[in-house]
Amino acid sequence: MAHGSIVLGANQYGKAEVRLVKVTRDTARHEIEDLSITSQLRGDFEAAHVEGDNAHVIATDTQKNTAFAFARDGVGAPEDLLLRLARHFVDDFEWVTGGRWAAEKYSWAHIDMGNEDGESTHDHAFVRGGTEIRTATVTIDGGGAPTVIAGLKDLSVLKSTGSQFTGFPRDVYTTLQDATDRILATSVTARWRYNTAGLDYDAVYADVRRVLLRAFADKHSHALQQTLFQMGKAVLEAHPEIDEIKFSMPNRHHYLVDLSPFDLDNPGEVFFAADRPYGLIEAVVQRDDATDAAAAWEGMAGFC
Ligand SMILES: O=c1[nH]c(=O)c2[nH]c(=O)[nH]c2[nH]1
């Protein structure tokens, strides 16, 4: 069988997981910004792959250095640092037509000293903040405007009532009993896409997190699927600057333990927290007139 010639397909390259810690120390009270940044460039890199000509190859080491150098002026919202990096590489190197810049941000809080004298938190000693990690991605596709996708992962939540799972079909393999009052627990991974530029990304992030938690807490759940949709709907209702939000949520099952062998009742108090298998519920909640942004989501693992 005859074959055609062999050519280079889609490609991108850069430095992954640059761990960057910025201390702001203009006053005695320091602040910490702790990030992991990934820079990936797309454009005309054919000669490097096909001919070994590196004239267009902005070294991954240079990409790492650029992130550290930009951080010297201040980090700010991860989205803003990524946008600065994206603009720099696309605007200053004519063969770079796009790319993806991603960040994870880990939160640190001043340690609470519990002093009676008013000064309650330490100026320069920190403890890791919540369980969740903030995520941000900036994509430029073929020289167009950047698409910003914000998000979070590992936001662990649990409600000890206000959740049921009934009305599901029963066949010969079904053993699960109806649950009219159960624990609902999950670890939320969510990413949402902005439809406009120039936002106060820190403020919107804080509010989306608040809206997600409130919807999880407030709404009675008939299934994790319904809870997911309610959380997404609440975010889109509160934030017109968001067009779609994608979720991946494991159902962290808590099984009521049968204590009857010990002559004990168990009115929803003692549970076995199973780590696996777990249900995995994934969905997109979107405006029906949302613009298509498939390219910005490409290669983002863990979503349907
Ligand atoms: O919220 C739930 N959704 C399901 O699809 C499901 N399936 C299951 O066994 N338990 C649950 N709970």
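Residues numbered from 1 in each chain as written. Predicted model: local features only at pLDDT ≥ 70, side-chain atom pairs only at ≥ 80, totals over all residues. Heavy atoms only, no water.

### Examining the packing of helix α2 (residues 60–71) against helix α3 (residues 78–92)
- Where α2 contacts α3, the axes come no closer than 11 Å and their chain directions differ by 130°. The angle between α2 and α3 places the two elements in the oblique class. Here α2 runs over α3; the crossing is right-handed. Residues Gln 63, Thr 66, Ala 67 and Phe 70 of α2 form the contact with α3, whose participating residues are Leu 81, Arg 84, Leu 85, His 88 and Phe 89.
- Looking at the contact of α2 with α3 residue by residue, the classes come out as five nonpolar, three polar and one charged. (Axes fitted to C-alpha atoms, helices over the stretch in contact; angles between N-to-C directions. Helix = DSSP H or I, 4+ residues; strand = E, 2+ residues; numbered from the N terminus. Parallel < 35°, antiparallel > 145°, perpendicular 65-115°, else oblique. Left-handed = near helix turned anticlockwise from the far one by under 90°. Contact = heavy atoms within 4.5 Å. Nonpolar A, V, L, I, M, F, W, Y, C, P; charged D, E, K, R; others polar.)

### With respect to the domain arrangement of the protein
- Partitioning the protein into domains gives domain 1 (10–139) and domain 2 (146–304).
- One C-alpha centre belongs to domain 1, the other to domain 2; they are set 28 Å apart.
- Contacts between the two partners involve 17 residues from domain 1 and, on the opposite side, 22 residues from domain 2.
- Each partner contributes to the roughly 1700 Å² buried at the junction of domain 1 and domain 2, and carbon and sulfur atoms together form 45% of this total. (Domains from an automatic or database assignment. Buried area = accessible area lost by both parts, 1.4 Å probe.)

### A closer look at the nonpolar core
- Counting residues in hydrophobic clusters, the biggest one holds 58 residues, and the most contacted among them are Trp 192 and Phe 247.
- Here this core gets eight residues from one element, more than from any other, and that element is helix α4 (residues 201–218).
- Residue-level mapping places this core at the junction of two domains, with at least three residues from each of domain 1 (10–139) and domain 2 (146–304). (Core = buried A, V, L, I, M, F, W, Y, C linked by side-chain atoms within 4.5 Å. Buried < 20%, exposed > 50% of the residue type's maximum accessible area, 1.4 Å probe, protein only.)

### Some remarks on the packing of aromatic side chains
- Tallying each qualifying case throughout the model produces seven aromatic pairs.
- Ring pairs connect the aromatic residues Phe 89, Phe 93 and Trp 95, which therefore count as one cluster.
- Residue placement shows Arg 134 over the ring face of Tyr 205; its charged tip is 4.6 Å from the ring centre.
- Taking NZ or CZ as reference, Arg 252 lies 5.4 Å from the ring centre of Tyr 278, over its face. (Phe/Tyr/Trp six-rings, centres within 6.5 Å; stacked < 30°, edge-to-face > 60°. Lys NZ or Arg CZ within 6 Å of the ring centre and 35° of its normal.)

### Things to note about the UniProt feature "active site" (unreviewed entry) in the protein
- According to UniProt, the feature "active site" (unreviewed entry) maps to Lys 15, Thr 60 and His 253 in the numbering used here. Spanning 239 residues, the named residues are also spread out in space, since their farthest C-alpha pair is 42.8 Å apart.
- Ignoring any residue separated from it by four or fewer positions in sequence, one finds Thr 60 in contact with Tyr 13, Gly 14 and Lys 15.
- Inspection of the secondary structure puts His 253 in the loop between β9 (242–251) and β10 (254–256).
- On the accessibility criterion, His 253 (22% relative accessible area) is partly exposed.
- Those residues in contact with His 253 that lie beyond four places of it in its chain are Phe 272, Ala 273, Ala 274, Pro 277, Tyr 278 and Gly 279. (UniProt positions renumbered as here; feature names shortened; annotations may be inferred.)

### Some points on the pattern of salt bridges
- Applying the stated criterion across every chain, the model contains 15 salt bridges.
- The salt bridge involving Arg 170 is made with Asp 178; its shortest N-O contact spans 3.9 Å.
- A relative accessible area of 47% places Arg 170 in the partly exposed class.
- Here Asp 178 falls in the partly exposed class, since its relative accessible area comes to 47%.
- For Arg 210, the salt bridge is made with Asp 207, and the minimal N-O distance between the two is 2.8 Å. Taken together, the positions of Arg 210 and Asp 207, both in helix α4 and three residues apart, correspond to about one turn of that helix.
- It is possible to trace a salt-bridge network through shared partners that takes in Glu 79, Arg 134 and Asp 202. (Salt bridge = Lys/Arg side-chain N within 4 Å of Asp/Glu carboxyl O.)

### Let's talk about the site of the ligand
- Close contacts around the ligand come from Phe 165, Leu 176, Arg 182, Ala 223, Leu 224, Gln 225 and Asn 251, and that covers them all.
- Measuring from an oxygen atom of the ligand, one finds a side-chain N or O atom of Arg 182 at 2.8 Å.
- Between the ligand and Leu 224, the relevant distance is 2.7 Å, taken from an oxygen atom to a main-chain nitrogen or oxygen of the residue.
- Partitioned by chemical class, the residues of the shell around the ligand number four nonpolar, two polar and one charged. (Near = heavy atom within 4 Å. Polar contact = N/O pair within 3.5 Å; in protein donor to acceptor, adjacent residues only side chain to side chain.)

### Comments concerning α3
- With 15 residues, α3 extends 21 Å from end C-alpha to end C-alpha; this agrees with the ideal 21 Å at 1.5 Å per step.
- Taken as a whole, α3 has its buried residues at Pro 78, Glu 79, Leu 81, Leu 82, Leu 83, Leu 85, Ala 86, Phe 89 and Val 90.
- Buried residues in α3 make contact with β2 (31–43), α2, β3 (96–106), β6 (133–140), β7 (147–159) and α4. (Expected span 1.5 Å × (residues − 1).)

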